[in-house]
Number of protein chains: 6
Amino acid sequence: MRPSGRQLDQMRSVSIETDVTKHAEGSCLIKMGDTHVLCTASLEERVPPFLRNKGLGWVTAEYGMLPRSTSSRMRREATAGKQGGRTVEIQRLIGRSLRAGVDRQAMGERQITVDCDVIQADGGTRCASITGGWVALRLAVNKLMKAGDIISDPLTDNVAAVSCGIYAGQPVLDLDYPEDSEAGTDGNFVATGSGRLIEVQMSAEGSTYSRDEMNKLMDLADKGLAELVAAQNAAVGA
Amino acid sequence: MRPSGRQLDQMRSVSIETDVTKHAEGSCLIKMGDTHVLCTASLEERVPPFLRNKGLGWVTAEYGMLPRSTSSRMRREATAGKQGGRTVEIQRLIGRSLRAGVDRQAMGERQITVDCDVIQADGGTRCASITGGWVALRLAVNKLMKAGDIISDPLTDNVAAVSCGIYAGQPVLDLDYPEDSEAGTDGNFVATGSGRLIEVQMSAEGSTYSRDEMNKLMDLADKGLAELVAAQNAAVGA
Amino acid sequence: MRPSGRQLDQMRSVSIETDVTKHAEGSCLIKMGDTHVLCTASLEERVPPFLRNKGLGWVTAEYGMLPRSTSSRMRREATAGKQGGRTVEIQRLIGRSLRAGVDRQAMGERQITVDCDVIQADGGTRCASITGGWVALRLAVNKLMKAGDIISDPLTDNVAAVSCGIYAGQPVLDLDYPEDSEAGTDGNFVATGSGRLIEVQMSAEGSTYSRDEMNKLMDLADKGLAELVAAQNAAVGA
Amino acid sequence: MRPSGRQLDQMRSVSIETDVTKHAEGSCLIKMGDTHVLCTASLEERVPPFLRNKGLGWVTAEYGMLPRSTSSRMRREATAGKQGGRTVEIQRLIGRSLRAGVDRQAMGERQITVDCDVIQADGGTRCASITGGWVALRLAVNKLMKAGDIISDPLTDNVAAVSCGIYAGQPVLDLDYPEDSEAGTDGNFVATGSGRLIEVQMSAEGSTYSRDEMNKLMDLADKGLAELVAAQNAAVGA
Amino acid sequence: MRPSGRQLDQMRSVSIETDVTKHAEGSCLIKMGDTHVLCTASLEERVPPFLRNKGLGWVTAEYGMLPRSTSSRMRREATAGKQGGRTVEIQRLIGRSLRAGVDRQAMGERQITVDCDVIQADGGTRCASITGGWVALRLAVNKLMKAGDIISDPLTDNVAAVSCGIYAGQPVLDLDYPEDSEAGTDGNFVATGSGRLIEVQMSAEGSTYSRDEMNKLMDLADKGLAELVAAQNAAVGA
Amino acid sequence: MRPSGRQLDQMRSVSIETDVTKHAEGSCLIKMGDTHVLCTASLEERVPPFLRNKGLGWVTAEYGMLPRSTSSRMRREATAGKQGGRTVEIQRLIGRSLRAGVDRQAMGERQITVDCDVIQADGGTRCASITGGWVALRLAVNKLMKAGDIISDPLTDNVAAVSCGIYAGQPVLDLDYPEDSEAGTDGNFVATGSGRLIEVQMSAEGSTYSRDEMNKLMDLADKGLAELVAAQNAAVGA
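Residues numbered from 1 in each chain as written. Chains lettered and ligands numbered in written order. Predicted model: local features only at pLDDT ≥ 70, side-chain atom pairs only at ≥ 80, totals over all residues. Heavy atoms only, no water.

To continue, consider the overall build of chain A. A tally of helices and strands in chain A yields six helices and nine strands. For chain A, whose C-alpha radius of gyration is 18 Å, the value lies close to the compact-globule estimate of 18 Å for 238 residues. Judged by the C-alpha coordinates and their principal axes, chain A covers about 50 × 40 × 30 Å. Residues counted as buried form 59% of the 238 residues belonging to chain A. In chain A, the share of contacts with a sequence separation of at least 24, taken over all contacts with a separation of at least 6, comes to 68%. Of the accessible surface of chain A, which amounts to about 8700 Å², a share of 47% is contributed by carbon and sulfur atoms. (Helix = DSSP H or I, 4+ residues; strand = E, 2+ residues; numbered from the N terminus. Rg over C-alpha atoms; globule rule 2.2 N^0.38 Å. Buried < 20%, exposed > 50% of the residue type's maximum accessible area, 1.4 Å probe, protein only. Contact = heavy atoms within 4.5 Å. Areas by Shrake-Rupley, 256 points an atom, 1.4 Å probe, with all protein chains shown as cover.)

Right, let's get into the interface of chain A and chain B. Facing the 31 residues of chain A at the interface are 31 residues of chain B. For the pairing of chain A and chain B, the buried interface totals around 2900 Å² over both sides, and the portion due to carbon and sulfur atoms is 43%. Looking at the side of chain A facing chain B, the largest losses of area belong to Glu89, Leu197 and Arg211 of chain A, adding up to 21% of the total buried there. Linking chain A with chain B are 10 salt bridges. Note that arginine 99 of chain B and glutamate 205 of chain A form a salt bridge whose closest N and O atoms lie 2.8 Å from each other. (Buried area = accessible area lost by both parts, 1.4 Å probe. Salt bridge = Lys/Arg side-chain N within 4 Å of Asp/Glu carboxyl O.)

Quick look at the UniProt feature "domain: Exoribonuclease phosphorolytic" (unreviewed entry) in chain A now. Residue and element names in this part refer to chain A. Listed under "domain: Exoribonuclease phosphorolytic" (unreviewed entry) in the UniProt record, and renumbered for this structure, are residues 10-140 and 158-223. In residues 10-140, helix accounts for 30% and strand for 31%; the two terminal C-alpha atoms are 31 Å from one another. Across residues 158-223, helical content stands at 26% and strand content at 44%; the span's end C-alpha atoms are separated by 15 Å. (UniProt positions renumbered as here; feature names shortened; annotations may be inferred.)

Next up on the list: the sheet that holds strand β2 (residues 26-32) of chain B. All names here are of chain B. Pairing is mixed in the open sheet, where five strands are placed in the order β1-β2-β3-β5-β4. Either end of the sheet is taken by a strand with one partner, and the two such strands are β1 (14-18) and β4 (58-65). Averaged over neighbouring strand pairs, the angle between their axes works out to 20 degrees when direction is ignored. Along the sheet, helix α4 (residues 125-146) contacts β1, β2, β3 (35-44), β4 and β5 (111-120); its crossing angle with β3, the most-contacted strand, is approximately 35 degrees. (Pairing = 2+ DSSP bridges. Axes fitted to C-alpha atoms, helices over the stretch in contact; angles between N-to-C directions.)

Moving on to the relation of the copies chain B and chain C. Superposition record for chain B on chain C: RMSD 0.0 Å, screw rotation 180 degrees, translation along axis 0.0 Å. The operation mapping one copy onto its partner corresponds to a two-fold rotation axis. When you check the interface residues of chain B against chain C, 100% turn up at the interface there too, and the contact is symmetric in its surfaces. (Least-squares fit on C-alpha atoms with pLDDT ≥ 70 in both.)

Attention now goes to the interface of chain B and chain C. Listed as interface residues are 37 residues of chain B and, on the opposing side, 37 residues of chain C. Taken together, the two surfaces of chain B and chain C that pack against each other cover about 2700 Å², and 47% of this comes from carbon and sulfur. Taken as a group, His23, Arg68 and Arg76 of chain B account for 26% of the area that chain B buries against chain C, more than any other trio of residues on that side. Linking chain B with chain C are 14 salt bridges, by the criterion used here. We note a salt bridge from arginine 76 of chain C to aspartate 117 of chain B, for which the minimum N-O separation is 2.9 Å. There are 26 residue pairs in polar contact (both at pLDDT 80 or more) connecting chain B and chain C. Of all the elements, β5 of chain B adds the most residues to the side of chain B that touches chain C, at six residues. Of the residues that constitute the side of chain B that touches chain C, the class distribution is 12 nonpolar, 13 polar and 12 charged. (Polar contact = N/O pair within 3.5 Å; in protein donor to acceptor, adjacent residues only side chain to side chain. Nonpolar A, V, L, I, M, F, W, Y, C, P; charged D, E, K, R; others polar.)

A few words now on the pairing of strand β3 (residues 35-44) of chain F. All names here are of chain F. The buried fraction of β3 amounts to eight of the 10 residues, a majority that puts the element mostly inside the structure. Here strand β2 (residues 26-32) runs beside β3; their pairing, made up of seven bridges, is antiparallel. For cysteine 28, the partnering residue across the bridge sits in β3 and is cysteine 39. Two successive antiparallel strands, β2 and β3, enclose a turn made up of two residues, where glycine 33 displays a positive phi of approximately 60 degrees. In terms of strand pairing, β3 meets strand β5 (residues 111-120) through nine bridges, oriented antiparallel. The partner of threonine 40 across the bridge, within β5, is aspartate 115.

An order of β7(A)-β6(A)-β8(A)-β9(A)-β9(B)-β8(B)-β6(B)-β7(B) is seen for the eight strands of this open sheet, with the pairing classed as antiparallel. In this open sheet, the two edge strands, each paired with only one partner strand, are β7 (170-173) of chain A together with β7 (170-173) of chain B. Recorded for the sheet is a direction-independent mean angle of 15 degrees between the axes of neighbouring strands. Relative to β7 of chain A, strand β6 (residues 159-167) of chain A is paired through four bridges, and the arrangement is antiparallel. Bridge pairing links isoleucine 166 of chain A to proline 171 of chain A in β7 of chain A. Together, β6, β8 (185-192) and β9 (197-204) of chain A together with β9 (197-204) of chain B form the strand contacts of helix α2 (residues 85-99) of chain A, whose direction differs from that of β9 of chain A by roughly 150 degrees. Taken strand by strand, helix α4 (residues 125-146) of chain A contacts β6, β8 and β9 of chain A, and its axis lies near 165 degrees from that of β6 of chain A.

Moving on to the packing of helix α2 (residues 85-99) of chain E against helix α2 (residues 85-99) of chain F. Here α2 of chain E crosses α2 of chain F at 110 degrees, and the two axes come no closer than 9 Å. Classed by the angle they form, the pair α2 of chain E and α2 of chain F counts as roughly perpendicular. Only Gly85, Arg86, Val88, Glu89, Arg92 and Arg96 of chain F of α2 of chain F make contact with α2 of chain E, whose side of the interface consists of Gly85, Arg86, Val88, Glu89, Arg92 and Arg96 of chain E. (Parallel < 35°, antiparallel > 145°, perpendicular 65-115°, else oblique.)

On to the UniProt feature "binding site: phosphate" (unreviewed entry) in chain A. Residues and elements named next belong to chain A. Within this numbering scheme, the UniProt entry marks Arg86, Gly124, Thr125 and Arg126 as carrying the feature "binding site: phosphate" (unreviewed entry). For this annotated set, covering 41 residues, all C-alpha atoms fall within 13.2 Å of each other, a compact arrangement in space. Inspection of the secondary structure assignment puts glycine 124 in the loop between β5 (111-120) and α4. Sequence-distant contacts of glycine 124, that is, excluding residues within four places in its chain, are made with Arg12, Thr35 and Leu175. By the secondary structure assignment, threonine 125 is in helix α4. Threonine 125 has contacts with Thr35, Val37, Tyr63, Arg86 and Val118, leaving out every residue within four places of it along the chain. Within the structure, the side chain of threonine 125 is placed 2.6 Å from the side chain of tyrosine 63, a separation counted as a polar contact.

Here we come to the packing of α4 of chain A against helix α6 (residues 211-236) of chain A. All names here are of chain A. At a minimum axis distance of 10 Å, the contact between α4 and α6 shows a crossing angle of 30 degrees. When the axis of α4 is compared with that of α6, the two are roughly parallel. In this structure, α4 meets α6 at a crossing whose hand is right-handed. Between α4 and α6, the contacting residues are Thr131, Trp134, Val135, Arg138 and Leu139 on the first element and Leu228, Gln232 and Val236 on the second. (Left-handed = near helix turned anticlockwise from the far one by under 90°.)

The subject of this paragraph is α2 of chain A. All names here are of chain A. Given a rise of 1.5 Å per residue, 15 residues ought to cover 21 Å, and the 21 Å separating the end C-alpha atoms of α2 matches this to within 8%. Of all 15 residues making up α2, 12 are buried, and the element is well covered by its neighbours. Among all positions of α2, only Thr87, Val88, Glu89, Ile90, Gln91, Leu93, Ile94, Gly95, Arg96, Ser97, Leu98 and Arg99 are buried. (Expected span 1.5 Å × (residues − 1).)

Residue and element names in this part refer to chain C. In terms of burial, strand β5 (residues 111-120) is largely enclosed, as 10 of its 10 residues are buried. Note: strand β4 (residues 58-65) against β5, eight bridges, orientation parallel. Pairing of alanine 61 across the sheet is with valine 114, part of β5.

Moving on, we come to a positive patch on the surface. Taken together, the side chains of Arg75 of chain A, Arg75 of chain D, Lys82 of chain E together with Lys82 of chain F make up a positively charged region of the molecular surface. Position of arginine 75 of chain D relative to the elements: it lies in the loop between β4 (58-65) and α1 (77-80). (Patch = residues over 30% accessible without salt bridge, like charges linked within 9 Å, V, L, I, M, F, W, Y side chains within 5 Å. Lys, Arg positive; Asp, Glu negative; His and termini not counted. Charge placed at Lys NZ, Arg CZ, Asp CG, Glu CD.)

Let us look at the environment of valine 135 of chain D. All names here are of chain D. Along the chain, valine 135 turns up in helix α4 (residues 125-146). In this structure the C-alpha to C-alpha distance between valine 135 and alanine 191, which are 56 residues apart in sequence, comes to 14 Å. Setting aside residues no more than four positions away along its own chain, valine 135 makes contact with Ile16, Thr18, Cys28, Gln232 and Val236.

Predicted confidence across chain A gives a mean pLDDT of 96, with 100% of residues reaching 70 or more. The ipTM for the predicted assembly is 0.95, set against a pTM of 0.91. (pLDDT = per-residue confidence, 0-100.)

Below is the structure:
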């Protein structure tokens with residue numbers, strides 16, 4: 001029934017290749033099927049002005065899509081002169097999600113910026129960005145700890161994200177683009193490795209959903225998130 | 001226990017004054033306690049380019065805060081040269097929420113823009129904007145129907161929104177600013193008059209929450225939303 | 001002869017409601033007939049860079065119109081990405097006018113920003129902004145003096161403004177929008193409570209006027225300004 | 001008493017050189033003492049969208065200052081990313097002033113843009129721009145009439161401008177920069193060749209003025225404007 | 001003597017992987033040592049306004065660097081609100097270079113946009129973009145020809161680019177970043193497969209060079225360009 | 001054969017008038033035939049942040065065209081909200097070229113900004129800007145040396161620029177606009193007074209050129225540059 005032939009509760013194949021660029025403190029290329037996102041974590045030994053001299057670290061994120069990551073070419077945001085509303089919304093979500101797994105006191109007064117750049121899009125780029133972004137963050141923090149710059153691990157748990165939605169009347173896990181563009185209701189679920197929730201965003205566009213449907217999507221998400229956390233741990237050797 | 005002395009499941013007093021400006025096709029001033037939002041609905045007999053000649057209407061929203069709606073003055077976005085990320089995120093939510101209650105075919109090829117301008121802020125401005133925005137939209141549509149420009153009512157149901165959160169370890173309904181700024185977990189719940197969900201956004205900033213806590217917040221939201229729908233109906237004389 | 005039925009030298013009804021928002025140091029809602037402007041005065045204990053360490057205060061103003069304050073919806077300036085030329089011109093006028101009534105040495109090194117946001121427009125918004133802006137400024141300064149932060153009153157006199165123009169061949173006082181959009185010649189007159197002039201701006205668009213006509217408009221303005229100053233004093237309890 | 005040694009009612013020497021650039025339909029370099037402004041009039045056989053198919057012409061103006069036209073270098077507005085408030089205010093004034101001397105019906109559906117670029121500034125650049133801008137406009141219209149594109153002269157009269165102010169307690173004509181920067185009260189006076197007023201802008205910054213003082217400045221302006229109109233006529237061979 | 005241990009006239013290893021993204025009509029990932037650029041060619045069946053109805057095609061290019069393609073993180077241009085001067089200069093060069101190898105009449109009225117996004121930078125990104133961009137363009141054109149949309153091949157020859165410079169007093173071929181940041185004189189050389197020149201840009205920053213030195217660099221470039229053209233042909237199977 | 005009737009190797013008449021504005025530390029109006037550029041050098045006793053406390057000076061340039069310097073009016077860049085790509089490219093070239101003739105240590109920690117504003121354009125504006133810009137720079141440095149602020153002359157040599165191109169199949173020197181708009185290949189050549197090269201930019205648009213053709217253009221450039229250096233020296237009295 002699904003365009004890809006997947007089971008209702010079946011994820012796309014997940015691959016996370018680490019250390020893919022020589023400059024970043026942490027990096028990975030995450031592939032959720034045909035969705036490919038390059039995630040890099042960049043360390044700076046300073047925090048934004050509003051945080052100075054508080055002894056707290058900061059994790060923030062930026063998101064972008066290459067112009068031809070999509071089926072028809074999108075206008076480059078640097079040319080348009082600003083980031084679009086969707087971009088801003090997504091990068092705020094990524095930053096907030098990653099911070100939920102960070103002990104900012106243990107991190108010390110430094111900032112890590114996680115850049116998530118979509119190389120190829122086929123649905124679920126914001127979830128892939130969070131899942132891959134955490135891997136890049138983990139690797140950058142590992143480097144800091146190895147160097148002795150941080151003593152106690154500031155990452156309290158994994159952070160991963162998956163989407164679910166109601167496609168052709170059925171709750172399905174990990175929407176690809178053909179499903180996403182048809183689904184009237186879909187949600188993004190961000191959670192920790194131990195299953196605590198960080199962010200639930202369930203939206204209907206031109207439709208509505210019941211609490212029962214919401215629960216079914218959350219059950220699916222639980223399954224998917226467990227698989228993503230396992231993939232993260234395998235990637236970072238945890 | 002709550003700063004305002006309210007019960008855990010007690011809303012702030014709600015007031016919706018309609019027809020508050022002479023120019024708009026529909027308008028109201030909604031007050032949720034000390035949060036005051038002016039909502040206007042503006043009709044145009046044309047749709048955005050991507051919708052032309054499809055026989056479908058469009059409802060969109062814009063959101064703004066007056067510079068001194070907050071306890072310290074915020075920079076005016078027109079001076080800053082762009083809308084901030086939070087503004088963009090909120091106005092996209094308002095538009096998406098209102099469209100969930102619209103039969104765009106029945107509406108015909110016209111656009112209604114709902115402007116939500118915060119006169120005074122004390123937490124929950126996006127929820128007040130959705131609840132008040134629907135009233136303005138309802139009044140503008142009533143005018144179109146009265147004039148015979150629309151035959152069949154394009155509004156399929158009320159749309160209202162409320163926030164809940166975990167404050168001092170307890171789930172509470174309708175957060176005001178002192179609660180909102182302390183709550184590690186809070187959510188915005190948008191639903192129809194008949195209780196179908198449109199949007200659930202539950203975020204933790206620097207913390208996490210369990211599915212059980214989420215369910216408790218959703219129960220509170222149900223109670224609040226019913227009261228808001230009643231207030232909407234009283235205001236529009238439905 | 002006037003669309004509103006007013007006498008040639010008759011002002012619209014004026015109402016000034018004070019302390020209309022809980023956050024601002026001073027505020028009022030001024031209504032000149034159907035023109036409604038919300039004025040707030042915001043205090044900051046610092047001055048712009050060009051004034052630092054000179055012992056002088058600063059008063060500045062910003063102006064905005066809500067998108068549906070006008071008969072057809074205007075584009076929101078924050079969306080357009082900048083303030084339009086008319087907006088910039090008006091807010092510079094408001095700031096300059098208010099400063100003419102301020103002893104900046106007595107004020108001390110602090111800044112007061114007066115925001116004038118048009119809720120509903122029916123002509124004469126810049127004049128209403130000046131007249132109402134002064135009330136907000138007066139209330140904010142009163143608060144500073146009551147708290148003992150300022151000893152000697154830095155406001156040397158009232159500042160008020162009114163428009164006049166030649167409508168259907170006749171000099172008339174306090175133009176409303178139907179008059180303003182027809183008048184070939186109109187002017188804005190800003191003066192102190194004691195009748196000293198601060199700013200005179202008389203423009204013809206596609207027409208011209210004689211010095212004699214100008215004098216007649218200034219006579220009308222004198223009458224209107226006296227009424228506005230009385231309304232200001234009543235509002236602030238002076 | 002004046003820094004330049006001029007009499008109170010003495011203008012700076014005025015020179016208007018015409019046809020100074022080979023591309024523009026009309027052009028001049030106007031010098032008011034050390035204030036030098038290059039004015040060009042550019043013709044387009046189309047009008048802005050809001051005027052299409054109304055049979056009316058349009059005259060508009062733009063104003064700029066070369067970065068080192070001033071005693072210390074100003075930031076280039078193209079680099080800053082926008083025109084400043086002062087620039088916008090001035091170019092609106094120039095356009096409005098020139099249009100007051102134009103019969104837009106006789107002009108036909110075409111647009112003339114008058115660019116006023118300050119090569120060297122020593123006070124009074126906006127007045128020089130209006131006076132020189134009219135010369136450029138006159139020359140461009142002459143060319144249209146000579147070519148038979150316009151039959152009846154659309155310029156109804158000269159348009160010229162001069163500044164006056166109260167310097168060291170005395171009303172003086174045609175302020176240069178040292179006077180302008182000291183004067184608490186100054187005004188710009190725009191009028192037609194026959195002495196009809198187009199725009200009066202009298203401002204006090206941190207001071208006030210009486211109606212009597214205003215009248216004295218207007219008397220001075222009358223004298224200066226007559227001289228400027230004579231210089232315009234000499235320049236265009238009228 | 002070279003930091004990398006290469007001979008003076010030795011290129012970095014070149015690899016060109018084709019068809020690396022599923023959406024673009026043509027694409028490749030070009031690696032010149034540690035410089036990695038993703039090039040995509042996007043086809044549109046329309047041309048920019050200035051070319052409409054002339055029967056000519058258009059090839060244009062855009063260039064970007066991922067924020068962490070460099071050794072310290074660069075600000076994202078979409079966040080900065082505009083493309084920097086260097087970016088604009090580079091993308092104009094890429095477009096101009098590629099067009100030199102295109103018969104725009106044979107191409108027909110369609111546009112191909114070549115996006116060059118730097119994944120990892122180690123010097124020579126503009127040259128890699130041109131060389132890789134031509135491969136993407138070639139593949140997109142092949143697809144058009146295969147589909148019968150274009151009959152006669154519009155690509156008249158290969159287009160490739162290489163940099164040379166004077167490093168530590170010696171002319172060297174294909175500068176990497178450590179060399180580029182030290183070289184006082186360096187140039188970019190763009191040529192066709194048959195050795196005709198398209199663009200020569202030789203700059204000294206804080207130094208100068210003789211015509212003899214220039215000739216030596218051009219000899220080196222000839223050698224490098226031949227190798228790049230061979231690599232292009234191998235990649236596209238020509 | 002040339003539209004102007006010039007010999008193939010004949011420059012346009014060159015005139016350099018110095019000290020044309022009273023405010024700038026150095027200035028000239030350079031005329032290359034009908035191309036007129038006003039060049040000013042502005043001194044600041046501070047350097048950009050990236051250079052602070054290094055004991056080195058900085059020379060930078062900005063370039064602009066008056067809206068009606070061209071045969072049809074161009075949009076003012078300040079109105080467009082940004083400098084176009086061509087402008088940015090040109091001003092980077094001017095700055096880089098001038099710096100090649102500067103001993104930044106001898107200059108001391110100060111900045112000179114050279115503004116090149118095109119009053120009238122007829123081809124070759126960037127070359128005229130470099131040649132005239134150097135004269136303005138020379139005059140500003142002379143003033144610093146005369147005042148004893150700089151002891152040892154920081155200008156190591158003249159810097160001048162000329163364009164050449166292949167017009168109607170023939171290499172010609174100093175292209176004017178009618179030639180420039182027809183030439184498929186043209187170049188800009190920047191060199192010192194002693195004939196050392198600073199920048200060579202030879203571009204083909206929709207065509208290619210041989211190394212032999214390039215050499216012929218460089219021979220022409222040598223002749224032209226010698227004449228320009230002589231004109232510079234005459235202008236500054238060297």
